[in-house]
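# Topology and contacts: notes
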Amino acid sequence: MDKSNHLLTIENLVKHFDISGGLLDQLSIEKGRVKRHRTIVKAVNDVSLFIKPGETLSVVGESGCGKSTLARTILGLYPPESGQVFYRGDRIDHLSSQQMLPYRTKMQMIFQDPYASLNPRMNVERILEEPVIFHNKSIRSDEVTEKVAEVMDLVGVDPKWSDRYPHEFSGGQRQRISIARALMVDPEFIVADEPVSALDVSIQAQILNLLMDAQEKRGLTYLLITHDLSVVEHVSTRVAVMYLGCLCELATVKELYNSPRHPYTKALLSAIPRLGVRQPKHIRLKGEVPTPINLPPGCVFHNRCTYADDRCIVEVPKLLELPSGTFVACHRVEEGRLD
Amino acid sequence: MGHLLEVRNLEVKFALRFGDLTAIDNISFTLDKKEKLGLVGESGAGKSVTGFSIINLISKPGYISGGSILFEDRDLSKLSTGEMRKLRGHRISMIFQDPMMTLNPVLTIGTQMTETVLAHMKVSKSDAMDIALEKLKKVYIPSPEKRLFQYPHECSGGMRQRIVIAIALLTNPSLIVADEPTTALDVTIQAGIMDLLQELCTTEDMGLILITHDLAVVSQVTDKIAVMYAGRIIETGPTEEIVNNPRHPYTKGLINSLPGGLQAGSRLAQIPGMMPTLTDIPDGCAFNPRCTINGPICLEKLPELRVLDGKNHSAACHMLENDQRDK
Ligand SMILES: Nc1ncnc2c1ncn2[C@@H]1O[C@H](COP(=O)(O)OP(=O)(O)OP(=O)(O)O)[C@@H](O)[C@H]1O
Ligand SMILES: Nc1ncnc2c1ncn2[C@@H]1O[C@H](COP(=O)(O)OP(=O)(O)OP(=O)(O)O)[C@@H](O)[C@H]1O
Ligand code: SF4
Ligand SMILES: [Mg+2]
Ligand SMILES: [Mg+2]
């Protein structure tokens, strides 16, 4: 893989959380001997992917499968257990916060809950100025003011409201303001984690249009996390499907929606509710989602998969590139027994 | 016998410091056995308050200020508290978005279920256990015998919602009100729960009121839809009609703003502005500040629901005559 052609390259990324608690909580006595137990959440397991400049890569999968953790690890908000992250070919996962600074302006994040992510004690003007001044101490104040007006205009919030506070705005407007804040530092790459999930249908369209417009005008690259698979189909270039911290399929949006290959992707896409389509024949998954604390051996999906056999129970399937360009991690597909 | 449920001119107010706010304004609809009604609309439209009114769960400062609710031919407002309590959770069950509103975290599933049975029926404890088991099987809980001895936290979100549905079925209700029952769940699990609710309406002879903001989900499950906006029903009719031939500009806007079906990457149709809050509902039609086909009358007169054709389809909009599809 030529890393310098990609905006981001992620190789074998692993992120675990130790939730064992204090040392005393970890100790127990077994057969007369003191034992120490650790509880590890295996949130992201050996994920490799790349993101091309100007594209929208969406990450989908059920709640708790590691989408947000993956995004935060990429941004350097969590240190990975192992694996590497490259930004335009430069390795960034092991940098000090000082060394990371120039990349921080290039990579921004938008959250699901704009209320929680905006400081309630700052008015819009200060919320927007702050990141610019932080990253460019020598910037002139008239330049900042101009920039605030320009960005507010772009996101469709009237600049004359810049002295108002977050609580004076509706949910949709607050999301516009958090998008504005992300855009203030002229980023190249934006992670949007469920940016429209908390918004009403009629407002969702406004925000999605805004994100698409901003991408077009500024050549932005997006990593979009959303559980709404109709939104994903509409705005994505490529889609990554995750299950229990593992990447099971990665394909262009057309390929994925027209011919999903992984058994989990097939089930997921068959369950999308579509307007006016009655009782669609969705694929029912058996069993329950295991926890990322006790990751199943072999393919993490095997206990729910209708195609699983002995190999799936013991051997972890590798991510494989198919002639169509789709990447998929499934033994049945690799063996050519599943199309 | 009339309808299973008949809501007539329902009005609900909230008594607040600065005066009474009307949250539900003159709502009427009916529901028959086996029938499934979808109540849709955006946040604050009044869906939950409508649902709560039906099971008489409106609590202070809210109160039902007008209209009537007839259930199995009985006027709910004329019942004593005791009679109402018997009806609620017996003939009418409610399912919430968060299963933990129903489940008690410190009791096993079996204990909670048998307690409910024993509170409503004169049966022995072991019979109650059998009934619990039977209902768990009905909602397709894997290894139901084992579940009886588990606590809610030992079950996944989807399983908990199935257990809540099983609890709702314990007393053989004739009406289920489900308020966003799958909003917190993943799509694969949502699809299973929706299948289940649909199936139960037929096998158990129940009516269903499905409250959700998700038009796509509602269109898959229900027979008819009522679209709410700022406390009123602004359009109602058979599901196919609403989905394929929406008439109110708000319903049209909602359907057009959905990404499905459009050329990928194209801009979505958006409704400008947002729904007013109860304190600033505009005069005339509440939708008029966001409407693109409005006229002078829309600022003055509140539009009533009008029947549009023989298909039980009605909409509350002054300007439908100017609408192309009307001709
Ligand atoms: N800071 C943390 N400490 C401990 N465990 C965590 C932490 N953050 C996430 N986890 C766990 O890691 C797993 C993945 O969580 P993550 O939030 O990445 O999932 P997600 O795919 O974003 O889910 P959702 O769709 O619900 O947002 C979950 O089991 C979660 O409980
Ligand atoms: N306890 C209360 N006190 C004052 N106002 C209330 C109260 N409960 C509800 N309301 C108001 O009644 C209106 C209708 O609320 P309701 O909960 O029915 O909306 P909804 O359609 O269910 O919305 P959502 O999709 O967010 O659940 C809202 O404007 C709400 O603010
Ligand atoms: S590897 Fe096996 S268990 Fe995993 S998805 Fe493929 S067939 Fe199913
Ligand atoms: Mg998340
Ligand atoms: Mg509600």
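Residues numbered from 1 in each chain as written. Chains lettered and ligands numbered in written order. Predicted model: local features only at pLDDT ≥ 70, side-chain atom pairs only at ≥ 80, totals over all residues. Heavy atoms only, no water.

## Focus: the overall build of chain A
When helices and strands are tallied, chain A shows 13 helices and 14 strands. Taking the principal axes of the C-alpha coordinates as reference, chain A spans close to 65 × 60 × 40 Å. For chain A, with 339 residues in total, the buried portion stands at 52%. For chain A, the proportion of contacts with a sequence separation of at least 24, taken over those separated by at least 6, is 66%. Here chain A contributes 41 positive and 42 negative side-chain charges, whose respective centroids are spaced 5 Å apart. (Helix = DSSP H or I, 4+ residues; strand = E, 2+ residues; numbered from the N terminus. Buried < 20%, exposed > 50% of the residue type's maximum accessible area, 1.4 Å probe, protein only. Contact = heavy atoms within 4.5 Å. Lys, Arg positive; Asp, Glu negative; His and termini not counted. Charge placed at Lys NZ, Arg CZ, Asp CG, Glu CD.)

## Focus: the overall build of chain B
Of the regular secondary structure elements, chain B holds eleven helices and twelve strands. Expected size for 327 residues packed as a compact globule is a radius of gyration near 20 Å; at 21 Å, chain B falls within 12% of this value. In terms of overall dimensions, chain B has C-alpha extents of about 70 × 50 × 40 Å along its principal axes. Within chain B, contacts between residues separated by at least 24 positions form 64% of all contacts whose residues are at least 6 apart in sequence. Roughly 14200 Å² of accessible area belongs to chain B as shown, and the carbon and sulfur atoms make up 52% of that amount. For chain B, the distance from the average site of its 34 positive side-chain charges to the average site of its 38 negative ones is 2 Å. (Rg over C-alpha atoms; globule rule 2.2 N^0.38 Å. Areas by Shrake-Rupley, 256 points an atom, 1.4 Å probe, with all protein chains shown as cover.)

## Here's the deal with the sheet that holds strand S3 (residues 36–40) of chain B
Residue and element names in this part refer to chain B. The sheet built from eight strands is open, its strands ordered S6-S7-S8-S3-S9-S10-S12-S11 with mixed pairing. The two strands at the open ends of the sheet, each matched to only one other strand, are strand S6 (92–95) and strand S11 (306–307). Judged from the six bridges that link them, strand S9 (residues 224–229) and strand S10 (residues 232–238) form a sheet pairing that is antiparallel. Residue pairing across strands places Val 227 opposite Glu 235, the latter belonging to S10. (Pairing = 2+ DSSP bridges.)

## Here we look at helix H4 (residues 125–138) of chain B
All names here are of chain B. Here H4 spans 20 Å end to end across 14 residues, near enough to the 20 Å set by a 1.5 Å rise per residue. For H4, the set of buried residues is Ala 128, Ile 131, Ala 132, Leu 133, Lys 135 and Leu 136. On its buried side, H4 packs onto helix H3 (109–120), helix H5 (144–147) and helix H6 (157–169). The positive-phi residue at the C-terminal boundary of H4 is Tyr 140, with phi of around 60°. (Expected span 1.5 Å × (residues − 1).)

## Overview of the interface of chain A and chain B
Listed per partner, the contact involves 35 residues of chain A and 45 residues of chain B. Regarding the contact of chain A and chain B, the summed buried area is about 3300 Å², with carbon and sulfur atoms giving 55% of it. The largest contributions to the chain A side of the interface with chain B come from His 234, Leu 275 and Arg 278 of chain A, which together make up 21% of the buried area. Put simply, chain A and chain B have three salt bridges between them. Note that Arg 267 of chain B is salt-bridged to Glu 216 of chain A, the shortest N-O span being 3.1 Å. Between chain A and chain B we count 17 residue pairs in polar contact (both at pLDDT 80 or more) in total. Among the elements of the structure, helix H8 (201–218), helix H9 (229–235) and helix H11 (263–270) of chain A are those that each provide at least two residues to the side of chain A that touches chain B. Of the residues forming the side of chain A that touches chain B, the biggest block, ten residues, is contributed by H8 of chain A. Its residues assigned to classes, the side of chain A that touches chain B comprises 16 nonpolar, ten polar and nine charged. (Buried area = accessible area lost by both parts, 1.4 Å probe. Salt bridge = Lys/Arg side-chain N within 4 Å of Asp/Glu carboxyl O. Polar contact = N/O pair within 3.5 Å; in protein donor to acceptor, adjacent residues only side chain to side chain. Nonpolar A, V, L, I, M, F, W, Y, C, P; charged D, E, K, R; others polar.)

## A word on the sheet that holds strand S11 (residues 238–243) of chain A
All names here are of chain A. Strands sit in the order S8-S9-S10-S5-S11-S12-S14-S13 across an open sheet of eight strands; the sheet is mixed. Edge positions in the open sheet fall to strand S8 (107–110) and strand S13 (320–321), since each of these has one partner strand only. As defined by bridge partners, strand S9 (residues 189–193) adjoins strand S10 (residues 221–225) across five bridges and the pair is classed as parallel. Along S10, the bridge assignment pairs Ala 192 with Leu 224.

## A few points about the site of ligand 2
Residues and elements named next belong to chain B. Near ligand 2, the surroundings consist of Phe 14, Ala 23, Glu 42, Ser 43, Gly 44, Ala 45, Gly 46, Lys 47, Ser 48, Val 49 and Leu 278. At a separation of 2.7 Å, an oxygen atom of ligand 2 approaches a polar side-chain atom of Ser 48. When ligand 2 is considered free in solution it has 640 Å² of accessible area, and contact with the protein chains removes 64% of it. Here the element with the most residues in the shell around ligand 2 is helix H1 (residues 47–54); it accounts for three residues. Grouping the amino acids of the shell around ligand 2 by side-chain chemistry returns five nonpolar, four polar and two charged. (Near = heavy atom within 4 Å.)

## Some points on the pairing of strand S2 (residues 19–31) of chain B
Residues and elements named next belong to chain B. Here strand S1 (residues 5–16) pairs with S2 via nine bridges, running antiparallel. When the sheet's bridge partners are listed, Phe 14 is paired in S2 with Leu 21. Hairpin connection of S1 to S2: two residues between the antiparallel strands.

## As for the packing of aromatic side chains
Using the criterion set out here, one finds ten aromatic pairs over all chains in the structure. Ring centres of Phe 17 of chain A and Tyr 78 of chain A lie 5.2 Å apart, and the angle between their planes is 85°; this geometry places the pair in the edge-to-face category. Of this pair, Phe 17 of chain A sits in strand S1 (residues 8–18) while Tyr 78 of chain A sits in the loop between helix H2 (67–74) and strand S6 (82–87), placing them 61 residues apart in sequence. Note on Phe 17 of chain A: relative accessible area 24%, which makes it partly exposed. Taking 4.5 Å as the distance between ring centres and 55° as the angle between the ring planes, the aromatic pair formed by Tyr 229 of chain B and Tyr 250 of chain B counts as tilted. (Phe/Tyr/Trp six-rings, centres within 6.5 Å; stacked < 30°, edge-to-face > 60°.)

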